[in-house]
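# What the coordinates show
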Amino acid sequence: MKILIADDHAIVREGLKQIIRNLKEVSSVDEAHEGHETYEMIRNNAYDMAVIDISMPGLSGLDILQKVRNAGISTRILILSVHSEEQYAMRALKLGASGYLSKGDAYSELSLAINKIAAGGKFVSSTLAEKILFDKLEKANQSIHESLSEREFQVMIQLAKGKSVTEIAGELFLSDKTISTYRARVLEKMNMKKNAELTLYAIKNNLIE
């Protein structure tokens, strides 16, 4: 297996090389220290995998992912980052990365990541995978009305109480047309068609008595 390591810090590259060279399947390890150089090496060499820092001079790891995907290059890419935040990981995976590993976990999980990716899988560190899972569960459990703006929520409550568009317009010092627009937005966001559905929802969620 031919692997490319791309990082602008020589000491990081050296540490990664020491780990990767201990893997039986690895036949060669090349290095790059800058984004443009990294992409050109991937484009001109048949690497099985590239381990790329997300933040490099020239092109970032995400830029390289985009260019590799656009060019239809088959090299699998593992992104390394000082950022453990899931939004970076999700963005990298959507761009075609085979894995995302925080540099803090690299020395303990790099071998595992490479082996999993080489076998055709995807990899994120266990701590990051857990965070992504719980964040998704939290969003899934989030009440629908929490997606409404303050004004939309205000209108939704008044509609749920059975007030007409004209009554709400008078109370909020807005035109009937404006309130009708808010009503349409509320129903669309909450995937409902009638005011009666808003009333049932509001009662169920203890928003009105």
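Every value quoted in this text rests on a predicted model; they were computed, and no experiment measured them.

### What to know about the overall build of the protein chain
For the protein chain, the count of helices and strands is ten helices and six strands. In terms of overall dimensions, the protein chain has C-alpha extents of about 75 × 30 × 25 Å along its principal axes. When burial is assessed residue by residue, the protein chain has 42% of its 209 residues classed as buried. Put simply, 59% of the contacts in the protein chain that link residues at least 6 apart link residues at least 24 apart. In the protein chain, 27 positive and 28 negative side-chain charges are present, and the distance between their average locations comes to 6 Å.

### Re the packing of helix H7 (residues 150-160) against helix H10 (residues 195-204)
For the pair H7 and H10, the least separation of the axes is 8 Å and the interaxial angle reads 100°. If you check the angle between H7 and H10, you find them roughly perpendicular. Here Met156, Leu159 and Ala160 of H7 lie close against H10, whose contacting residues are Asn195, Leu198, Thr199 and Ala202. Tallied by class, residues from the contact of H7 with H10 come to five nonpolar, two polar and no charged.

### Considering the packing of aromatic side chains
Scanning the entire structure with this criterion turns up zero aromatic pairs. Cation over ring: Lys2 sits above Tyr47, and NZ or CZ is 5.5 Å from the ring centre. The positively charged end of Lys67 is found above the aromatic ring belonging to Tyr39, 4.8 Å away from the centroid.

### A closer look at the pattern of salt bridges
Overall, the coordinates contain eight salt bridges when judged by the stated rule. Between Glu31 and Lys17 there is a salt bridge, with the nearest N and O atoms lying 2.5 Å from each other. Of this pair, Glu31 sits in strand E2 (residues 28-32) while Lys17 sits in helix H1 (residues 10-20); the two residues are 14 residues apart in sequence, bridging distant segments of the chain. On the basis of relative accessibility, which here comes to 8%, the residue Lys17 falls in the buried class. A salt bridge links Lys103 to Asp53; its shortest N-O distance comes to 3.4 Å. Placement of Lys103 in helix H5 (residues 103-118) and of Asp53 in strand E3 (residues 49-53) is noted, with a sequence separation of 50 residues between them. For Asp53, a relative accessible area of 4% puts it in the buried group. When salt bridges that share partners are traced, they join Arg13, Glu14, Lys17 and Glu31 into one network.

How each quantity is defined
Residues numbered from 1 in each chain as written. Predicted model: local features only at pLDDT ≥ 70, side-chain atom pairs only at ≥ 80, totals over all residues. Heavy atoms only, no water. Helix = DSSP H or I, 4+ residues; strand = E, 2+ residues; numbered from the N terminus. Buried < 20%, exposed > 50% of the residue type's maximum accessible area, 1.4 Å probe, protein only. Contact = heavy atoms within 4.5 Å. Lys, Arg positive; Asp, Glu negative; His and termini not counted. Charge placed at Lys NZ, Arg CZ, Asp CG, Glu CD. Axes fitted to C-alpha atoms, helices over the stretch in contact; angles between N-to-C directions. Parallel < 35°, antiparallel > 145°, perpendicular 65-115°, else oblique. Nonpolar A, V, L, I, M, F, W, Y, C, P; charged D, E, K, R; others polar. Phe/Tyr/Trp six-rings, centres within 6.5 Å; stacked < 30°, edge-to-face > 60°. Lys NZ or Arg CZ within 6 Å of the ring centre and 35° of its normal. Salt bridge = Lys/Arg side-chain N within 4 Å of Asp/Glu carboxyl O.

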